[in-house]
Amino acid sequence: MRDHDFSARERRARGRRRFDDDEPHFLKYGPASGPAPADPDDEPDPDTGAVWSSWDDAVHGPEPHPAWLVTELAAKDTELGVLKTGKEADVHLVRRAVPDTDRSCLLAAKRYRDPQHRLFHRDAGYLEGRRVRRSREMRAMAGRTAFGRQMIAGQWAAAEFAALARLWEIGERYGTVAVPYPVQLRGTELMLEFLGDPDEGRAAPRLAELRPAPAELRELWGQLVEALVVLARAGYAHGDLSPYNLLVHAGRLVLIDLPQVVDVVANPQGREFLARDVQVVATWFAARGLPPSLVDPTALIEALSREAGLR
Ligand SMILES: Nc1ncnc2c1ncn2[C@@H]1O[C@H](COP(=O)(O)OP(=O)(O)OP(=O)(O)O)[C@@H](O)[C@H]1O
Ligand SMILES: [Mg+2]
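Given the structure is predicted, the values throughout are model-derived calculations rather than measurements.

> Explanation requested: the overall build of the protein in the structure shown.
A tally of helices and strands in the protein yields seven helices and 13 strands. Taking all 311 residues of the protein together, the buried fraction comes to 50%. Within the protein, residue pairs in contact and separated by at least 24 positions form 64% of the contacts whose partners lie at least 6 positions apart. As displayed, the protein has an accessible area near 15600 Å², and 52% of this comes from carbon and sulfur atoms.

Written out as structure tokens, the structure reads:
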């Protein structure tokens, strides 16, 4: 370990943890904001706004970590702006770099809003299906105290992180389902591999924004079917699949926005979720001109149900 790594670790050792009970690891950390730093070294750089990388405080994505990912403790994070404000979360662009070196990467930071500030609510059904061990948290969530609202936002972030980690590993093994690499989870924020143009800092287009030529349309549909087959084989449906939750990056169709991923066997409405996902995307591809001989939602729903072991 280099000297500056060590001093960075020392600096962090002063206890940023807010809870010291037996909660799961990912719930122990508060949101990205917190009390003012006591050490002037922890203040944002006055010129760039850079702060110490939050990597050391976070739950990390699956190993091996990709080579492009900056994991050095001496790294700093710089906010570059908002990529997109969504219904449930805002996605920001962050550069993580080791000062005075060429080690640098871009990350997409998805920050869940607490339920009061969201435009879309799925919490009731979601909470019914989840086990929360401590009754204090249960009461806080049910009573929607500020702490409870924070917990709910944190659970969404954790659910999406877990789904991405699982799908990333499946994708690595079979190579047919693409998701952004889930870099880290910390409270209500998850950080993902940035998909887009690194020079412009612009996110990859969503499928909905594209008007692909016939050959590309066929190719993208083929990739989508492959991804859905792999997902179904693992027992999952996306649960909110649409041309808005698919990015096209370097010719690859990438699934995003996965907090509500559905276990199609355990969920009594698993088949309906799976069918809805297929209908939505098949409708888009058909409207863009993919011939009916290629896009047959009924046959695809049947095939995916079989893959998932639903019949
Ligand atoms: N890894 C990523 N790289 C680049 N851009 C991303 C990434 N993840 C998300 N985005 C951008 O942020 C947008 C919103 O992300 P996402 O769909 O996950 O959140 P959301 O809150 O559900 O938003 P929406 O309500 O728009 O669906 C995406 O459409 C995309 O433009
Ligand atoms: Mg979305």
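> Looking at this model, I keep getting lost on the nonpolar core. Mind explaining?
Nonpolar side chains in soluble globular proteins tend to end up buried together. Ranked by internal contacts, the top residues of the largest apolar core, which has 67 residues, are Leu190, Leu207, Trp221, Leu224, Leu246, Phe285 and Leu304. Top contributing element to this core by residue count: helix α4 (residues 146–174), with eleven residues. Split by domain, the residues of this core number at least three in each of domain 1 (54–203) and domain 2 (204–311). When near neighbours in sequence (up to four residues on either side) are disregarded, Trp221 contacts Val281, Ala282, Phe285, Leu290, Leu294, Val295 and Leu300. Judged by nonpolar contacts, the second largest core, of five residues, contains Ala178, Ala204, Leu247 and Val254.

> Teacher, can you tell me more about the site of ligand 1 here?
In the neighbourhood of ligand 1, 20 residues make up the surrounding shell, with Lys87, Lys110, Glu193, Leu195 and Asp257 lying closest. Glu193 places a main-chain nitrogen or oxygen 2.9 Å from a nitrogen atom of ligand 1. In the complex, the protein chains occlude 95% of the 600 Å² of accessible area that ligand 1 would expose alone. When its residues are assigned to classes, the shell around ligand 1 shows eleven nonpolar, two polar and seven charged. There are two domains that each give the shell around ligand 1 at least three residues, and those are domain 1 (54–203) and domain 2 (204–311).

> What's the story with the packing of aromatic side chains in this structure? I'm lost.
The relative placement of two aromatic rings is captured by the distance of their centres and the angle of their planes. On inspection of all chains with the given rule, the structure shows four aromatic pairs. Relative to Tyr181, the ring of Trp68 lies with its centre 6.3 Å away and its plane at 90 degrees, an arrangement referred to as edge-to-face. With Trp68 in the loop between β2 (59–60) and β3 (76–85) and Tyr181 in the loop between α4 and β6 (182–186), this pair connects stretches of sequence that are 113 residues apart. Here Trp68 falls in the partly exposed class, since its relative accessible area comes to 32%. Overall, the relative accessible area of 0% leaves Tyr181 in the buried class. Ring geometry for Trp168 against Tyr181: centres 4.8 Å apart, planes inclined by 70 degrees, an arrangement best described as edge-to-face. One end of the pair, Trp168, is in helix α4; the other, Tyr181, is in the loop between α4 and β6, and 13 residues separate them in sequence.

> Help me understand the confidence of the model for the protein in this model?
Reading predicted coordinates in detail is not appropriate for stretches of low pLDDT. The predicted model of the protein averages 83 in pLDDT, with 77% of residues at 70 or higher. The secondary structure element of the protein with the lowest average pLDDT is helix α1 (residues 3–12), at 39, and the one with the highest is strand β11 (residues 246–249), at 98. Counting interchain partners and residues more than four positions distant, the pLDDT-below-50 stretch residues 123–132 has 18 contacts.

> Could you clarify how one ought to interpret the sheet that holds strand β4 (residues 89–97) in this entry?
Adjacent strands of a sheet pair through backbone hydrogen bonds, lying either parallel or antiparallel. Strand order in the open sheet made by the seven strands is β1-β3-β4-β5-β7-β6-β2, with antiparallel pairing throughout. Unpaired on one side and paired on the other, β1 (51–52) and β2 mark the two borders of the sheet. As paired elements, β2 and β6 share two bridges and run antiparallel to each other. In the strand pairing of β6, His60 is matched with Gln184.

> It is not clear to me how the coordination of the magnesium ion (ligand 2) should be interpreted in this structure. Could you clarify?
When a metal carries six donors in an octahedron, the ideal angles between them are 90 or 180 degrees, while four donors in a tetrahedron ideally lie at 109.5 degrees. The protein atoms that coordinate the magnesium ion (ligand 2) are Asn245 (OD1) and Asp257 (OD), at distances of 2.1 to 2.2 Å. Taken as a pair, Asn245 in the loop between β10 (236–237) and β11 and Asp257 in the loop between β12 (252–255) and β13 (262–263) lie far apart in primary sequence, twelve residues in all. Accessibility expressed as a relative area gives 8% for Asn245, which makes it buried.

> I'm lost on the packing of helix α5 (residues 214–233) against helix α6 (residues 270–287) in this one. Help?
Two numbers describe a pair of packed helices, the interaxial angle and the distance between the axes. Remark: α5 packs on α6, axes separated minimally by 11 Å, with the N-to-C direction vectors making an angle of 170 degrees. With respect to α6, the element α5 is oriented roughly antiparallel. Where α5 abuts α6, its residues Leu217, Leu220, Trp221, Leu224 and Leu228 lie against Val278, Val281, Ala282, Trp284 and Phe285. Tallied by class, the residues present in the contact of α5 with α6 amount to ten nonpolar, no polar and no charged.

> Would you mind showing me how to read the pattern of salt bridges here?
When the charged atoms of two side chains lie near each other, side chains of opposite charge can form a pair. Inspection of the entire model under this criterion finds twelve salt bridges. Measuring nitrogen to oxygen at the nearest pair gives 4.0 Å for the salt bridge that ties Arg186 to Asp57. Taken as a pair, Arg186 in strand β6 and Asp57 in the loop between β1 and β2 lie far apart in primary sequence, 129 residues in all. Of the residues examined, Asp57 reaches a relative accessible area of 10% and is grouped as buried. Glu72 is the partner of Arg103 in a salt bridge, and the nearest nitrogen-oxygen pair spans 2.9 Å.

> Help me out: how do you make sense of the pairing of β12 in this one?
If a strand is regular, its side chains alternate between the two faces of the sheet. Alignment of β11 against β12, held across four bridges, turns out to be antiparallel. Along β12, the bridge assignment pairs Leu246 with Leu255.

About the thresholds
- Residues numbered from 1 in each chain as written.
- Chains lettered and ligands numbered in written order.
- Predicted model: local features only at pLDDT ≥ 70, side-chain atom pairs only at ≥ 80, totals over all residues.
- Heavy atoms only, no water.
- Helix = DSSP H or I, 4+ residues; strand = E, 2+ residues; numbered from the N terminus.
- Buried < 20%, exposed > 50% of the residue type's maximum accessible area, 1.4 Å probe, protein only.
- Contact = heavy atoms within 4.5 Å.
- Areas by Shrake-Rupley, 256 points an atom, 1.4 Å probe, with all protein chains shown as cover.
- Core = buried A, V, L, I, M, F, W, Y, C linked by side-chain atoms within 4.5 Å.
- Domains from an automatic or database assignment.
- Near = heavy atom within 4 Å.
- Polar contact = N/O pair within 3.5 Å; in protein donor to acceptor, adjacent residues only side chain to side chain.
- Nonpolar A, V, L, I, M, F, W, Y, C, P; charged D, E, K, R; others polar.
- Phe/Tyr/Trp six-rings, centres within 6.5 Å; stacked < 30°, edge-to-face > 60°.
- pLDDT = per-residue confidence, 0-100.
- Pairing = 2+ DSSP bridges.
- Donors = N, O, S within 2.8 Å, 3.2 Å for Na, K, Ca; no water.
- Axes fitted to C-alpha atoms, helices over the stretch in contact; angles between N-to-C directions.
- Parallel < 35°, antiparallel > 145°, perpendicular 65-115°, else oblique.
- Salt bridge = Lys/Arg side-chain N within 4 Å of Asp/Glu carboxyl O.

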